[in-house]
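Architecture and fold: a report
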Amino acid sequence: MRDRMNVYFPPAMLRQIAELADRKKLSRSAIVEAAVASFLSPDGADRREAAFTRRLDRLSRQVQRMERDLGVTAETVALFVRFWLTITPPLPNDAQAAAQIKGRERFEGFIEALGRRLQKGQSFLREIPDDIGGVTSPEEADESAMRAE
């Protein structure tokens, strides 16, 4: 036996319930009953918490990879600049104009090469071994996280 209960919904939510009921070929009462049962279910909260935990873990791993990549990028640029400044002798005034022209040509070539690499999906960071400094690869981190779940 079922008891009747009058419930008030906002018109937009009522339309969503009706549309879902039509799509699923169920009554509106069945849709609302399932939603309330899910809300009242003690397992529902646990499942939501577990889903949030998995998502947060995944986001944490992504942030860790981004931090690692940013650190590698910063160190790469810093090392290059230090090296370049250390070995490049100053140019005499009469050679600076020609050097600037040559520098622009080289930079344009660099940008073109970078564009080609990026179009192919190549990444300098992927070429660096992930095990340097005890950092695990993103794939290994994902696999170990899945095993832990």
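Residues numbered from 1 in each chain as written. Predicted model: local features only at pLDDT ≥ 70, side-chain atom pairs only at ≥ 80, totals over all residues. Heavy atoms only, no water.

When you go through the chain residue by residue, the secondary structure sums to 6 helices and 0 strands. Helices and strands in the chain line up, N terminus first, as α-α-α-α-α-α. Counting all 149 residues of the chain, 8% fall into the buried class. The contacts in the chain between residues at least 6 apart in sequence include a share of 47% that link residues at least 24 apart. Accessible area of the chain: about 13,400 Å², with a carbon and sulfur share of 60%. (Helix = DSSP H or I, 4+ residues; strand = E, 2+ residues; numbered from the N terminus. Buried < 20%, exposed > 50% of the residue type's maximum accessible area, 1.4 Å probe, protein only. Contact = heavy atoms within 4.5 Å. Areas by Shrake-Rupley, 256 points an atom, 1.4 Å probe, with all protein chains shown as cover.)

Another aspect to go through is the environment of Leu91. Relative to the helices and strands, Leu91 is located in the loop between α3 (42–87) and α4 (93–120). The class for Leu91 is partly exposed, based on a relative accessible area of 42%. With residues near it in sequence (within four places) discarded, Leu91 still touches Gln96 and Ala99.

The next thing to look at is the pattern of salt bridges. This structure, assessed with the given rule, holds 3 salt bridges. Between Lys102 and Glu105 there is a salt bridge, with its nearest N and O atoms 3.6 Å apart. Of the two residues, Lys102 and Glu105 are both situated in helix α4; the distance of 3 residues between them amounts to about one turn of the helix. Lys102 gets classed as partly exposed once you look at its relative accessible area, which sits at 41%. (Salt bridge = Lys/Arg side-chain N within 4 Å of Asp/Glu carboxyl O.)

A positive phi angle is found at Lys25, which is not glycine, with a value near 55 degrees. When you line up the elements, Lys25 lands in the loop between α1 (11–24) and α2 (28–40).

For the rest of this paragraph, the subject is a nonpolar patch on the surface. A surface patch of nonpolar side chains, about 470 Å² in accessible area, is lined by Met5, Val7, Phe9, Met13 and Leu14. Here Met5 shows up in the segment before α1. According to the relative accessible area criterion, Met5 is exposed, its value standing at 68%. (Patch = residues over 30% accessible without salt bridge, like charges linked within 9 Å, V, L, I, M, F, W, Y side chains within 5 Å.)

Turning our attention to α1. Given a rise of 1.5 Å per residue, 14 residues ought to cover 20 Å, and the 20 Å separating the end C-alpha atoms of α1 matches this to within 8%. Of the residues flanking the end of α1, it is Lys25, one or two places downstream, whose phi is positive at about 55 degrees. (Expected span 1.5 Å × (residues − 1).)

Relative orientation of the contacting elements α1 and α2 amounts to 110 degrees, with a least axis distance of 8 Å. One way to sum up the angle between α1 and α2 is to call them roughly perpendicular. Residue-level contacts link Ile17, Ala18, Leu20 and Ala21 of α1 to Arg28, Ile31 and Val32 of α2. Here the contact of α1 with α2 is composed, by residue class, of 6 nonpolar, no polar and 1 charged. (Axes fitted to C-alpha atoms, helices over the stretch in contact; angles between N-to-C directions. Parallel < 35°, antiparallel > 145°, perpendicular 65-115°, else oblique. Nonpolar A, V, L, I, M, F, W, Y, C, P; charged D, E, K, R; others polar.)

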